[in-house]
Amino acid sequence: MTTSKRHPIVEARQEQFLNVLDRDAAHERFEAHIDAAPLAAEHVPLDGALERTLAEDIASAVDVPGFDRANVDGFAIRSADTEGASADAPVRLVLNDEVITPGRNPAAAVEPGTATVVATGGMLPRGADAVILVEDTDLDGDEVLIYRSLAPGRFLTFAGADIARGETVLFQGQVIGSREIGVLAAIGMDPVPVVRRPRVAILSTGDELIAPGEPYRTGHIYDSNSHILAAAVRELGGDAAFLGIWPDDEAQLQKQLCAAVRAYDMVLLSGGTSKGAGDVSHRVVNAAGAPGVLVHGVALKPGKPICLAVCDGCPVVVLPGFPTSAIFTFHEFVAPVIRRWSGRPPERRETLEARLPVRAQSEIGRTEYLLVGLVETDDGVAAYPTGKGSGAVTAFSQADGFVTIDAMTGLLEAESTVQVQCIGERRGAADLIAVGSHCVGLDLLLGRLSRDNLSVKAMHVGSTGGLVAARRGECDIAGIHLMDPDSGEYNRPLLTEGLCLVPGYRRMQGIVFRKDDPRFQGLGLDAILRLVCRDPDCMMVNRNPGSGTRILLNRLLGDNRPPGHSVQTKSHNAVAAAVASGRADWGMAIDVVAWKYDLGFVPVQEEHYDFVVPEGRLQRPGVRRLMELLQDPQTRADLAALGLRLDPQENDLEPVAPQRAGGV
Ligand code: AMP
Ligand code: MG
């Protein structure tokens, strides 16, 4: 090998990029110096919470609505009183001396044969189980004529029907949009716990740069980097501060950088990272704190000259000046850190297969990202390279995605098949769709999943609705607690072909009543049953037909139908809310709900809450993770702490198949 005298610039370049790392090694070295956890939580006023990231799961402290509410203007009545009523044969009810408008608590109960005027949004008095529309009535002195018979529950919304007390309404890591603001307001939450925003300082360097808004001067360049970077930082949940355009002057830049490192969580510079005449950015970094430069030069195209550093705990990144290189390397190395710090899950890019209609050349030895625009064609998606070189500003904003050409590939032939990573957020279906009955245990499991970066969507439609959704293959899991009336066994007999059961846990069902109700003091189950079947003033609240709770209650009651038997609420919470508010005196619910409402509780029987899974969905990552969590000792302990009883740990993770085909 001959040694010849080389031009100083060539010499400098060789020296500077001697230690070029590959992409993964660069990542690893940089990340090893950076805190992985989200920043601390802070509380911000509800009206300032837009676009912030939730720092914790949000459980509602109240029922929404908070009381059984009339949905129309009319009269609160007992539905049994309207039996047989018609336009020709109206029923007469005596008007109670009270008008219930929203915000007014009823003073008197609706006794049999009476009615109370109630306005839309008004609270239902005790005894009433339906509201008749004013249009279906007439007044006659102190009586009201009812022209229609009503089913129980007509024109009213039970307390907690929208959101039940204790229900998790939003999950940690969710970004608050206007819809989430509405939910937070409805449960009365203000201030809101959010993750502190990472503060990111942005400096542009280059003698040639001028700010947008200034008149153009020949030979100059509008500073676009700082603006796209600031906007990208904000999009990711960070707080961007633009510290100005600085000339290529070592002393000035040094002073700015040292100040920024002390005041911000992260500093981004762009430009001056190469070793051309006047490139100083990378040189000032080492003087701003230890350990200083970690990586300078990564085998990437675009983006080779990026400089990754940490100065006294503050990450400092000098991005290449070329705009496409700057934003590409930002998304590669900086965006994941900002996302993590601001409490957001990592970006998930959708990958799709496409045809490359033209050939693309690449440099051997560097991982190259080929920006492409996607076009739908008759034979699938075509990916057209849009790149105009790393100096282009438009390339990134016009591209739909990019193809990664690995370091050892020099050429992609025309018509080859490529994998395109789409730019921008994936908005596909959630990783786990849960439809069925609500349970605090399910909330806990879903919270864990979303912390594991799996997106979850929960719809609480009750056990029967969940089972139907699972049969139609419209959900991944359906949490159900349904008793088979024939066998008394829970859930398993209801499985049909194509459905499996993932065992969940058991919940204690019992009779709930107000602790200060003297009639229930010291009574056991048998005595309570005698009381409620004998005392006409002891009002019950029932559950919807098809619910395991109603089946169990009917078994206990035999042929007895205590007052309130026709009042059908749809959840354990709604039963507890009705009793706690005095609308009813007793009902059946699970113990954890009884505790939440501070009610008396006499246990009756355990019910099983299990997960029905369509067979075809067993291998979905969300379902697998849920099954793992149900075996995980910490999660099991946390479920037990909620009052849920788990069967002894089974080694066998396999779900249970249906016992018989056909089912109910
Ligand atoms: P440098 O990294 O300083 O050598 O700059 C490389 C190229 O990027 C030059 O053409 C610069 O003019 C251009 N450039 C540097 N900073 C910016 C900026 N903030 N906005 C737009 N172009 C820039
Ligand atoms: Mg420059």
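Every chain is numbered on its own, with residues counted from 1 as its sequence reads. The lettering of chains begins at A and the numbering of ligands begins at 1, in the order of writing. Since the coordinates come from a predicted model, pLDDT governs what is reported: local features require at least 70, and pairs of side-chain atoms require 80 or more to be given and counted, while whole-chain, interface and lining totals use all residues. Side-chain measures were taken over the full set of non-hydrogen atoms in the model, leaving aside hydrogen atoms and water.

Caption draft 1: Inspection of the side chain of His 565 at higher detail. Secondary structure elements are defined from DSSP: runs of H or I of at least 4 residues count as helices, runs of E of at least 2 residues count as strands, and each element is numbered from the N terminus. With respect to the element layout, His 565 can be found in the loop between α12 (548–557) and β34 (568–569). Residue classification places His 565 among the buried residues on the basis of a relative accessible area of 9%. If sequence neighbours within four positions are ignored, His 565 has contacts with Met 540, Asn 542, Arg 550, Asn 554 and Leu 557. Here the term buried applies to any residue with accessible area under 20% of the maximum for its type, exposed to any over 50%, and partly exposed to those in between, with areas from a 1.4 Å probe on protein chains only. The contact criterion used is simple: two residues touch if any of their non-hydrogen atoms lie within 4.5 Å.

Caption draft 2: Looking closely at the pattern of salt bridges. Any Lys or Arg side-chain nitrogen located within 4 Å of an Asp or Glu carboxyl oxygen qualifies as a salt bridge. Applying the stated rule across the entire model yields 37 salt bridges. Across the pair Arg 52 and Glu 42 runs a salt bridge, and its minimum N-O distance is 2.6 Å. In this pair, Arg 52 is assigned in the loop between β1 (41–44) and β2 (58–59) and Glu 42 in strand β1, connecting sequence segments 10 residues apart. Classification of Arg 52 as buried rests on a relative accessible area of 8%. The salt bridge involving Arg 519 is made with Asp 535; its shortest N-O contact spans 3.4 Å. Here Asp 535 lies in the loop between α11 (525–534) and β33 (540–543) and Arg 519 lies in the loop between β32 (499–514) and α11, a separation of 16 residues in the sequence. Taken together, the salt bridges that share partners define one network made up of Arg 126, Arg 514, Asp 517, Arg 519, Asp 535 and Asp 585.

Caption draft 3: Examining the layout of surface pockets more closely. Definitions used throughout: a 1 Å grid over protein atoms alone; a cavity as a set of points that fits a 1.4 Å probe which cannot get out; a pocket as an open set with protein on both sides within 12 Å along at least five of seven lines; a lining residue as one with an atom within 4 Å of a point. Grid points are joined across faces, edges and corners, and a volume is the space filled by probe spheres set on the points. Of the volumes computed, that of the second largest pocket is approximately 750 Å³. Taken together, 39 residues form the lining of the second largest pocket, with Val 461, Gly 462, Arg 543, Lys 570 and Ser 571 sitting closest to its centre. For the lining of the second largest pocket, the secondary structure elements donating two or more residues are α10 (463–471), α13 (572–580) and α14 (591–596). When residue character is reported, Ala, Val, Leu, Ile, Met, Phe, Trp, Tyr, Cys and Pro are called nonpolar, Asp, Glu, Lys and Arg charged, and the others, Gly included, polar. Across the lining of the second largest pocket, the residue classes break down as 13 nonpolar, 20 polar and six charged.

Caption draft 4: Local environment of unusual backbone geometry. Here the residue pair Val 64 and Pro 65 is connected by a cis peptide bond, since its omega of -5° sits within 30 degrees of zero. Mapped onto the elements of the fold, Pro 65 is located in the loop between β2 and β3 (69–70). Following Lys 301, the chain continues to Pro 302 via a peptide bond in cis, the omega torsion being 0°. Position of Pro 302 relative to the elements: it lies in the loop between β19 (300–301) and β20 (307–311).

Caption draft 5: Seen up close, the site of ligand 1. Whether a residue is near a molecule or strand depends on its heavy atoms: it is near if one of them lies within 4 Å of it. Lining the immediate environment of ligand 1, one finds 15 residues, of which Glu 208, Asp 223, Ser 224, Gly 272 and Gly 321 sit closest. In protein, a polar contact means a hydrogen-donor-capable atom and an acceptor-capable atom, both N or O and within 3.5 Å, with residues adjacent in sequence counting only if both atoms are side-chain atoms; elsewhere, any N or O pair within 3.5 Å suffices. Between Glu 208 and ligand 1, the recorded distance is 2.5 Å, taken from a side-chain N or O atom to an oxygen atom. Here an oxygen atom of ligand 1 sits 3.1 Å away from a polar atom, N or O, in the main chain of Gly 321. Across the complex, the protein chains shield 81% of the 480 Å² of accessible surface that ligand 1 would expose by itself. Only the protein chains shown count as covering a residue, and every accessible area follows the Shrake-Rupley method with a 1.4 Å probe.

Caption draft 6: Representation of empty space enclosed by the protein in the model. All chains considered together, the criterion is met by two cavities of 30 Å³ or more. Contributing to the lining of the second largest cavity are Glu 51, Arg 52, Thr 53, Val 195, Arg 197, Gly 237, Ser 342 and Arg 344. In terms of residue class, the lining of the second largest cavity is built from one nonpolar, three polar and four charged.

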